[in-house]
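Geometric and topological summary
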Amino acid sequence: MGEILFEVRASVAILTLSNVDVRNALTQAMNEELIRRCDEIDATPEIGAVVVQGAGGTFCAGSDRREWLGAAADPASQAGYQRTSIIYRTFLRFGSLSVPTIAAVRGVATGGGLNLALAADVRIVAHEARLVGGFLQNGLHPGGGLFTLLGRSAGREMAAAIGLLGIEISGRQAASAGLALESLPDDQVEQRAWEYASIAARDPELTRIATQSYREQLGPPPVPWSIAAESDRGKQMWSHRRRQDDGGRATDGSPGVGREPRATAP
């Protein structure tokens, strides 16, 4: 019942949720595989960015309820607690990757699927994608830190709209509200996500250090500007030294900022 497809294309890792019978709902095995793949990505310095997407034209419909039907009768039992823990750990592990992450959202992202999309650093969504909390409507308290994930991207009002009022947001609305970078026609979403990811993946070493600063400074919780500036100092000095050692060239081979092109030998 479902799996995680994994490939690396031009230093971009692509994670594809594949449980198409239930709109890519996550099984426990899929959660465990996602965590394992995140560990593998962090241990592979050649990878500079990650795209997460869903097979079959949809992103993720939360957790696979077929597994929950066979779970212990008491959801607060040790078995129920452990099941919830692995789900939460998936979001947290994905959200703490050492490289930038982009969610390519087509179809529906609901419940835990919405949490996974929001755990990414950037979202590219289809115009008609559906972003749905769905917890209260199913008699459940929101889980996985949904309010924090919504609030850090689109603020308190949008967190209330989706998390408390159960308002469904389209891809167009998500981009307008700041929940997504861009909304596009459905068939362009995954390619655009990969194109953006490939920019960061040009220089995985520098991107990983910059991503560390991004996560430390913006949190949650964020740090004061003065601390962020001081935190940047050593890393920026390192990047200046690295560029100097590389002859002042940018990672795409162009002259570095503020430098004239070096003359070539005749």
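What you see is a predicted model, and the numbers here were worked out from it, not measured in a lab.

1. A look at the overall build of the chain
- Looking only at helices and strands, one finds 9 helices and 9 strands in the chain.
- Split into buried and exposed, the 266 residues of the chain put 42% on the buried side.
- Surface exposure of the chain reaches about 13800 Å², of which carbon and sulfur atoms provide 54%.

2. Considerations on the pattern of salt bridges
- Under the criterion given, the structure shown has 17 salt bridges.
- One salt bridge connects Glu195 with Arg192, and the closest N-O pair in it is separated by 3.5 Å. You can see Glu195 and its partner Arg192 sitting in helix α7 (residues 189–200), 3 residues apart, about one turn around the helix.
- Given the relative accessible area of 33%, Glu195 is considered partly exposed.
- Connected through salt bridges with shared partners, the residues Glu33, Arg36, Arg37 and Glu40 form a single ionic network.

3. Observations concerning the sheet that holds strand β6 (residues 122–126)
- If you walk across this open sheet you meet the 6 strands as β1-β2-β3-β4-β6-β9, and the pairing is mixed. In the strand order of this sheet, the two ends are held by β1 (3–9) and β9 (182–184), each with one partner. Neighbour-to-neighbour, the strand axes of the sheet open up by a mean angle of 20 degrees, direction not taken into account.
- Across 3 bridges, β6 lies against β9 in parallel orientation.

4. With respect to a nonpolar patch on the surface
- Nonpolar side chains collect at one region of the surface, where Leu136, Phe147, Leu164, Leu165 and Ile167 lie side by side and expose about 440 Å² of accessible area between them.
- Within the secondary structure, Ile167 is located in the loop between α5 (146–163) and β8 (169–170).

5. Looking at helix α8 (residues 204–218)
- Between its first and last C-alpha, α8 extends 21 Å over 15 residues, near the 21 Å set by a 1.5 Å rise per residue.
- Of the residues one or two after α8, Gly219 is the one with positive phi, at around 65 degrees.

6. Describing the packing of α8 against helix α9 (residues 225–245)
- The N-to-C vectors of α8 and α9 enclose an angle of 175 degrees; their axes lie 10 Å apart at closest approach. If you check the angle between α8 and α9, you find them roughly antiparallel. Mapping the contact onto sequence places Glu205, Leu206, Ile209, Gln212, Ser213, Glu216 and Gln217 in α8 and Ala228, Ser231, Asp232, Lys235, Trp238, Ser239 and Arg242 in α9.
- Classifying every residue of the contact of α8 with α9 by side-chain character gives 4 nonpolar, 5 polar and 5 charged.

7. Observations regarding the nonpolar core
- Counting 60 residues, the largest nonpolar core has Leu17, Phe59 and Phe94 as the members making the most contacts within it.
- Looking at this core element by element, the count peaks at 7 residues for α5.

8. Side note on the environment of Ala174
- Considering the arrangement of structural elements, one finds Ala174 in helix α6 (residues 171–177).
- For the pair Ala174 and Ala154, spaced 20 residues apart in sequence, the C-alpha separation works out to 8.8 Å.
- Those residues in contact with Ala174, other than ones at most four positions away along the chain, are Leu131, Ile169, Leu179 and Ala180.

9. Some points on the packing of helix α4 (residues 112–119) against α5
- Relative orientation of the contacting elements α4 and α5 amounts to 125 degrees, with a least axis distance of 10 Å. Comparing the axis directions of α4 and α5 gives the class oblique. Mapping the contact onto sequence places Leu114, Asn115, Leu118 and Ala119 in α4 and Leu146, Leu149, Leu150, Arg152 and Ile162 in α5.

10. Structural notes on unusual backbone geometry
- Positive phi is not limited to glycine here, since Arg23 has a value of about 55 degrees.
- Mapped onto the elements, Arg23 comes out in the loop between β2 (12–18) and α1 (28–42).
- The backbone of Asn24 sits at a positive phi, close to 65 degrees, despite the residue not being glycine.
- In this fold, Asn24 is placed in the loop between β2 and α1.

11. Digging into the sheet that holds strand β7 (residues 130–132)
- With mixed pairing, 3 strands are arranged side by side in an open sheet as β5-β7-β8. Where the open sheet ends on each side, the last strands, each with one partner, are β5 (108–110) and β8.
- Helix-sheet contacts for α4 involve β5 and β7, and the interaxial angle to β5 is about 100 degrees.

12. Observations concerning the confidence of the model for the chain
- Of all residues in the chain, 89% have pLDDT values of 70 or greater, and the mean over the chain is 88.
- In this model residues 257–266 is a low-confidence stretch, pLDDT under 50, and it forms 6 contacts with partners more than four residues away in sequence or in other chains.

Scoring rules and cut-offs
Counting restarts for each chain, with residues numbered from 1 along the sequence as it is written. A pLDDT threshold of at least 70 governs which residues receive local features in this predicted model, and a stricter bar of 80 or more applies before side-chain atom pairs are shown or counted, although totals over entire chains, interfaces and linings include all residues. With hydrogens and water excluded, all non-hydrogen atoms of the structure serve as input to the side-chain values. Helix and strand assignments come from DSSP, with helices taken as H or I runs of at least 4 residues and strands as E runs of at least 2, each series counted from the N terminus. Each residue is assigned to one of three classes by its accessible area relative to the maximum for its type, calculated with a 1.4 Å probe on protein chains only: buried under 20%, partly exposed between the two thresholds, exposed over 50%. For accessible areas, the Shrake-Rupley method is used with a probe of radius 1.4 Å. Any residue's cover is judged against the shown protein chains and nothing else. Put simply, a salt bridge is a Lys or Arg side-chain nitrogen that is within 4 Å of an Asp or Glu carboxyl oxygen. Pairing between strands is defined by DSSP: at least two bridges between them are needed. Note on geometry: axes are C-alpha line fits, over the in-contact stretch for helices, and angles between N-to-C directions span 0 to 180 degrees. Every patch collects residues that have over 30% relative accessible area and no salt bridge, joining them within 9 Å if they carry like charges and within 5 Å if they are nonpolar side chains (Val, Leu, Ile, Met, Phe, Trp, Tyr). The span one expects for a helix is its residue count, reduced by one, times 1.5 Å. Here the angle decides the label: under 35 degrees means roughly parallel, over 145 means roughly antiparallel, 65 to 115 means roughly perpendicular, and every other value means oblique. For this analysis, residues touch if any pair of their heavy atoms sits within 4.5 Å. Each residue gets one of three labels, nonpolar for Ala, Val, Leu, Ile, Met, Phe, Trp, Tyr, Cys and Pro, charged for Asp, Glu, Lys and Arg, and polar for the others, Gly among them. Only buried residues count toward a nonpolar core, which is a set of Ala, Val, Leu, Ile, Met, Phe, Trp, Tyr and Cys residues joined through side-chain atoms within 4.5 Å. Per-residue confidence from the prediction method is given by pLDDT, with values spanning 0 to 100.

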